[in-house]
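Descriptive analysis of the structure
Residues per chain, in single letters:
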Amino acid sequence: MEVSTTLWVLTILGLAALIAVDFFIGRKPHDVSIKEAGIWTGVWIALAGLFGLGLLLFGGGQPAGEFFAGFITEKSLSVDNLFVFVLIMAKFAVPSQYQQRVLLIGVLIALVLRAVFIAAGAAIIASFSWVFYLFGAFLIYTAWKLIQEARADEEDEEYEENKLLKAAERRFGVADRYHGTKLWIRQNGKRVMTPMLVVMLAIGTTDVLFALDSIPAIFGLTQDPYIVFTANAFALMGLRQLYFLIGGLLRKLVHLSYGLSIILGFIGVKLVLHALHESGVHVPEISIPVSLGVICAVLIVTTITSLMASKKQAAAARDEGAEKDSVDV
């Protein structure tokens, strides 16, 4: 799809305006209710849907299909990010009323960093078509690693700060407590970071690690930088509300890693087939409608089986507790 500079500028300005509205509405620290999170999650999904319909009307079915496939993939992969966000919030003991501000700025940092990744990925793809083999192999390897991690079932998972974050803490120092939403304060005559700024940086920079598989994944569905960027933007910007909406359900999505591994493996195979096709090898290519159908089907089945498994585990735990109580009596 041909995208003019004017459309790029208007899109970025439109996204910036949406972020500004989101920031203005959530500027006052408060505990986010399920109702509020649900309404705004619906708003962001509706906005993504309207954008996709706009692509359908003005760009045709191919760009619209690529956007929806990319958006759903990025959204499902971003749910996996929420597990780490929960660990980060617990690690830094973020007060509940400040968590929405942390997520807003953290996600904004992540969006800027992903834009850099997308630009680099688009430039590499434009210059070196063989990179599809590399992306495909990486996604298949990532899918296998996800399965291995899911089977390991690590209950005592903890968040570890990355080296960049540790270096910033050593260089600038960190205050011993939160000071509202302030990012910097003066302590003993020295300007130091507050835990609020540290946790924002943790959220933003940690997302870069997730971008290592999500960016190749969406390039497996479309090579259009405009669609890649907008799909990522809409998936990320609704992540804050999704955190509060399904935070309690995350532990029930016990099969999510398996579902994501299937999706990443599927897209990896799609990339390899595309690379072979570009090299002149006569192999079938997987269309966008098929990709969209597979992604949606995997997510639906994964969600249903996860909830069924969680229900069985809860019932087994209740029975075990009742049996223990009877033995004690």
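You'll find the structure just up there.
What comes next concerns the included structure. As the structure is a prediction and not an experimental result, all values here were calculated from the model.

Here the focus is the overall build of the protein. Across its full length, the protein carries 11 helices and two strands. Sequence-ordered secondary structure for the protein, helices as α and strands as β, is α-α-α-α-α-α-β-β-α-α-α-α-α. Buried residues in the protein amount to 44% of all 329 residues. At a minimum sequence separation of 6, the contacts of the protein that also span at least 24 residues come to 79%.

Turning next to the pattern of salt bridges. Inspection of the entire model under this criterion finds one salt bridge. Here R114 ties to E74 by a salt bridge, and the two come within 3.1 Å at their closest N and O atoms. With R114 in helix 4 (residues 99-127) and E74 in helix 3 (residues 61-91), the pair connects residues that are 40 residues apart, well separated along the chain. Take E74: its relative accessible area is 2%, and that puts it in the buried class.

With that out of the way, let us pick up the pairing of strand 1 (residues 184-187). Bridging between strand 1 and strand 2 (residues 190-193) involves four bridges; their strand directions are antiparallel. Bridge pairing links W184 to M193 in strand 2. The turn linking strand 1 back onto strand 2 is made up of two residues, and N188 within it adopts a positive phi angle of 55°.

As a further point, take a positive patch on the surface. Together, K91, K163, K166 and R170 make up a region of like positive charge exposed at the surface. If one sorts the elements of the positive patch by residue count, helix 6 (residues 163-172) sits on top with three residues. With respect to the helices, strands and loops of the structure, K91 is situated in helix 3. Judged by its relative accessible area of 49%, K91 is partly exposed.

This part takes up the packing of aromatic side chains. Inspection of every chain in the model, using the stated rule, returns nine aromatic pairs. Centre to centre, the rings of F51 and Y226 are 6.1 Å apart; their planes meet at 40°, and the pair counts as tilted. Within this pair, whereas F51 is found in helix 2 (residues 34-59), its partner Y226 is found in helix 8 (residues 225-237), the two being separated by 175 residues in sequence. No difference in accessibility class separates F51 from Y226, as the two residues are buried. Look at F67 and F234: their rings are 6.1 Å apart centre to centre, the planes differ by 90°, and that puts the pair in the edge-to-face class. Separated by 167 residues along the polypeptide, F67 in helix 3 and F234 in helix 8 bring together distant segments of the chain. Looking at F67, the relative accessible area reads 0%, which means it is buried.

Glancing now at a nonpolar patch on the surface. A cluster of nonpolar residues, I124, F128, W130, Y133 and L134, forms a patch on the protein surface that exposes about 490 Å² of accessible area. Within the secondary structure, Y133 sits in helix 5 (residues 131-152). Given a relative accessible area of 32%, Y133 falls into the partly exposed group.

Bringing helix 8 into the picture now. When the terminal C-alpha atoms of helix 8 are compared, their 18 Å separation across 13 residues agrees well with the 18 Å that a helix rising 1.5 Å per residue should span. Counting buried positions along helix 8 gives 12 out of 13 residues, so the element sits mostly inside the fold. Within the sequence span of helix 8, burial applies to Y226, I227, V228, F229, T230, A231, N232, A233, F234, A235, L236 and M237. Capping of helix 8 at its N-terminal end is provided by D224; its side-chain oxygen lies 2.9 Å from the backbone amide nitrogen of Y226.

Now for the packing of helix 4 against helix 9 (residues 239-246). Between helix 4 and helix 9, whose axes approach to 9 Å, the crossing angle comes to 140°. By the angle class used here, helix 4 and helix 9 are oblique. As for the relative orientation of helix 4 and helix 9, their crossing is right-handed in sense. Together, Q99, Q100, L103, L104 and V107 of helix 4 and L239, R240, Y243 and F244 of helix 9 make up the contact between the two elements.

Definitions and limits used
Residues numbered from 1 in each chain as written. Predicted model: local features only at pLDDT ≥ 70, side-chain atom pairs only at ≥ 80, totals over all residues. Heavy atoms only, no water. Helix = DSSP H or I, 4+ residues; strand = E, 2+ residues; numbered from the N terminus. Buried < 20%, exposed > 50% of the residue type's maximum accessible area, 1.4 Å probe, protein only. Contact = heavy atoms within 4.5 Å. Salt bridge = Lys/Arg side-chain N within 4 Å of Asp/Glu carboxyl O. Pairing = 2+ DSSP bridges. Patch = residues over 30% accessible without salt bridge, like charges linked within 9 Å, V, L, I, M, F, W, Y side chains within 5 Å. Areas by Shrake-Rupley, 256 points an atom, 1.4 Å probe, with all protein chains shown as cover. Lys, Arg positive; Asp, Glu negative; His and termini not counted. Charge placed at Lys NZ, Arg CZ, Asp CG, Glu CD. Phe/Tyr/Trp six-rings, centres within 6.5 Å; stacked < 30°, edge-to-face > 60°. Expected span 1.5 Å × (residues − 1). Polar contact = N/O pair within 3.5 Å; in protein donor to acceptor, adjacent residues only side chain to side chain. Axes fitted to C-alpha atoms, helices over the stretch in contact; angles between N-to-C directions. Parallel < 35°, antiparallel > 145°, perpendicular 65-115°, else oblique. Left-handed = near helix turned anticlockwise from the far one by under 90°.

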